[in-house]
Amino acid sequence: MTEHAASQREDDADVIVVGAGPSGSTAAYYLAQAGLNVLLIEKSRFPREKVCGDGLTPRAVKSLVAMGVDVSEEAGWLRNKGLRVIGGGMRLELDWPELSSWPGYGLVRTRASLDEQLARRAQAAGAKLLEGTTVTGPLLDADGRITGVETTAEAEDKSKPRSKSDNTEREPRSPQGETYRARVVVAADGNSSRLSVAMGLRKRDDRPMGVAVRTYYTSPRHEDEYLESWLDLWDGDRLLPGYGWIFGMGDGTSNVGLGLLNTSKAFGNTDYRALLQSWLKSMPEEWGYTEENRTEPVRGAALPMGFNRTPHYYQGLLLAGDAAGMVNPFNGEGIAYAMESGELLARVVAQALARPTRAETERVLRGYPEELQAAYGRYYTLGRIFVQLIGRPQLMRYATSRGMNHPQLMRFALKLLANLTDPRDGDASDRVISAMTRLAPSSR
């Protein structure tokens, strides 16, 4: 919809953030901390489910700690030492590297719990959260610049108990919807990002895409000290470009799933749920990964990788998290990059809105894509090369069999794939990875 706004308008917020996942809630938290009036809009109500492995690397742990989230075991988090890799007939346990830049441990938490915690942190910082509110489209001025959003709100089910952490007062809103205005709008609405699409920003076909399916099983392995990754993922006699995972949840269940990349002919031609069942049949029976022990449906989700939607700033709209294609192509990790991009975005927006003129504000906002490029562009280029290579079955088989025989090489691979290095005071492997990244072209 186009709005012929007057030069002086009364905004509902300085910034509207659409989507209260990790990127949106993190952005809202830091924007509110900077003293800005923030409106965070979420289409669902917490707690709500998201398809994810639920495993967090040290990169994500660092972001959680920076937001003041209590990540202790007493607060319900399960810590892990590193990654157990199974492939080529071998098994290696690789501890997270000891670095000054990153914590030396990972965490496990369900997305239903994690996402709500981050949204409540944003609220506690001063952001206003609207749950059960769907953004139906952008509000545009005569120049096509986004000035707000149009929404519809579902009626709240009074019979549904709230989560224990939700002590906010509900504001009555019309189910017919409302219009909200702001100086800047953030699209943090996930892979499909309807707001981005409505602004003409679509996915890029030249960037990798993955798909993941997962479910939960009651299992005696629920308190595993390592995240577990299976590199040999077979569909009959086809070795697929992807991996399976088993993450103990600490609550009597394991999160079990698999992820595949679109760099193989098998992508889109595979029954992923059947593949998951076939893979699990090879597991020891005492682990419990059988149909009678499954506690949740098998659910799937897309993994938008390597900046697969650009530009990241356009006509007053900034993209973050999955909406910006922030998933790491090397390992399918999305939460850490969602949170980091949300923090980076907030820093840029806070500086932009402090400028005295619209021209100066616009100049700062246009620097946001460059900030993302500086943070991840060259590393994501390496990731795109990597996924093209492992899309070749023979090369994938060779790399798995050779690599698993060399633990030192696998420790190097863990640092590269998880993007965990000390840029200044690191060891030889850190310096090699930093040099590789510097030499790679940006992800334009």
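The preceding data block contains the structure.
The structure presented is a predicted model; accordingly, all values stated were derived computationally and were not measured. (Residues numbered from 1 in each chain as written. Predicted model: local features only at pLDDT ≥ 70, side-chain atom pairs only at ≥ 80, totals over all residues. Heavy atoms only, no water.)

Caption draft 1: Quick peek at the layout of surface pockets. The computed volume of the second largest pocket comes to approximately 740 Å³. Residue lining of the second largest pocket: 26 residues in total, with Arg59, Trp102, Ala375, Tyr376 and Asn419 positioned closest to the centre. Contributions of two or more residues to the lining of the second largest pocket are made by α2 (58–66), α6 (335–353), α8 (368–390) and α11 (428–439). For the lining of the second largest pocket, the element with the highest residue contribution is α8, accounting for seven residues. For the lining of the second largest pocket, a count of residues per class yields nine nonpolar, nine polar and eight charged. (1 Å grid on protein atoms, 1.4 Å probe; cavity = no way out; pocket = protein on both sides within 12 Å on 5 of 7 lines; lining within 4 Å. Points joined across faces, edges and corners; volume = space filled by probe spheres on them. Helix = DSSP H or I, 4+ residues; strand = E, 2+ residues; numbered from the N terminus. Nonpolar A, V, L, I, M, F, W, Y, C, P; charged D, E, K, R; others polar.)

Caption draft 2: Representation of the nonpolar core in the model. Ranked by size, the top nonpolar core spans 81 residues in total, and within it Ile16, Leu64, Val149, Leu195, Leu317, Val349 and Tyr368 carry the most contacts. If one sorts the elements of this core by residue count, α6 sits on top with eleven residues. Other than its neighbours up to four places away in sequence, Leu195 contacts Val18, Val135, Gly137, Pro138, Ile146, Val149, Val185, Ala187, Asp189 and Leu317. Residues Leu78, Leu83, Val108 and Tyr216 belong to the second largest nonpolar core, which totals 29 residues. (Core = buried A, V, L, I, M, F, W, Y, C linked by side-chain atoms within 4.5 Å. Buried < 20%, exposed > 50% of the residue type's maximum accessible area, 1.4 Å probe, protein only. Contact = heavy atoms within 4.5 Å.)

Caption draft 3: Inspection of the side chain of Arg84 at higher detail. Structurally, Arg84 is set in strand β5 (residues 82–87). You can call Arg84 buried: its relative accessible area is 5%. Within the local environment of Arg84, its side chain forms a polar contact with the side chain of Glu93, the two groups lying 3.0 Å apart. A distance of 2.7 Å separates a polar atom in the side chain of Arg84 from a polar atom in the side chain of Asp224. Those residues in contact with Arg84 that lie beyond four places of it in its chain are Arg91, Leu92, Glu93, Arg221, Asp224, Tyr226, Leu227, Glu228 and Ser229. (Polar contact = N/O pair within 3.5 Å; in protein donor to acceptor, adjacent residues only side chain to side chain.)

Caption draft 4: Focus on the packing of aromatic side chains. Enumeration according to the criterion identifies 14 aromatic pairs in this entry. Relative to Tyr376, the ring of Tyr337 has its centre 5.5 Å away and its plane inclined at 75°; by these criteria the two rings are edge-to-face. Pair noted here: Tyr337 is in helix α6 and Tyr376 is in helix α8, with a separation of 39 residues, a long-range link. For the residue pair Tyr337 and Tyr376, the accessibility class agrees, reading buried in each case. (Phe/Tyr/Trp six-rings, centres within 6.5 Å; stacked < 30°, edge-to-face > 60°.)

Caption draft 5: Quick peek at the pattern of salt bridges. Applying the stated rule across the entire model yields 23 salt bridges. Close ionic contact of Arg120 with Glu131 constitutes a salt bridge, the shortest N to O distance being 3.1 Å. Pair noted here: Arg120 is in helix α3 (residues 111–125) and Glu131 is in the loop between β8 (128–130) and β9 (133–140), with a separation of eleven residues, a long-range link. Given the relative accessible area of 11%, Arg120 is considered buried. We classify Glu131 as buried; its relative accessible area is 3%. For the salt bridge of Lys415 with Asp430, the shortest nitrogen-to-oxygen distance reads 2.7 Å. With Lys415 in helix α10 (residues 407–418) and Asp430 in helix α11, the pair connects residues that are 15 residues apart, well separated along the chain. Residue classification places Asp430 among the buried positions, given a relative accessible area of 2%. Where salt bridges share partners, they join Arg84, Arg91, Glu93, Arg221, Asp224 and Glu228 into one cluster. (Salt bridge = Lys/Arg side-chain N within 4 Å of Asp/Glu carboxyl O.)

Caption draft 6: Quick look at α11. The terminal C-alpha atoms of α11, which comprises twelve residues, lie 17 Å apart, in line with the 16 Å expected from a rise of 1.5 Å per residue. The set of residues buried in α11 consists of Ser429, Asp430, Ile433, Ser434 and Thr437. The arc enclosing the buried residues of α11, seen along the axis, measures out at 135°, which places them on a common side. Along α11, exposed side chains directed more than 90 degrees from the buried face belong to Arg431, Arg438 and Leu439. Along its buried surface, α11 packs onto α8 and α10. (Expected span 1.5 Å × (residues − 1). Arc of directions from axis to C-beta.)

Caption draft 7: A look at the packing of α6 against helix α7 (residues 358–365). Here α6 crosses α7 at 165°, and the two axes come no closer than 8 Å. Classified by the angle between their axes, α6 and α7 sit roughly antiparallel to one another. The hand of the α6/α7 crossing is right-handed. For the pair formed by α6 and α7, the contact residues are Val348, Val349, Gln351, Ala352 and Leu353 on the first element and Thr361, Val364 and Leu365 on the second. Among the residues forming the contact of α6 with α7, the class breakdown is six nonpolar, two polar and no charged. (Axes fitted to C-alpha atoms, helices over the stretch in contact; angles between N-to-C directions. Parallel < 35°, antiparallel > 145°, perpendicular 65-115°, else oblique. Left-handed = near helix turned anticlockwise from the far one by under 90°.)

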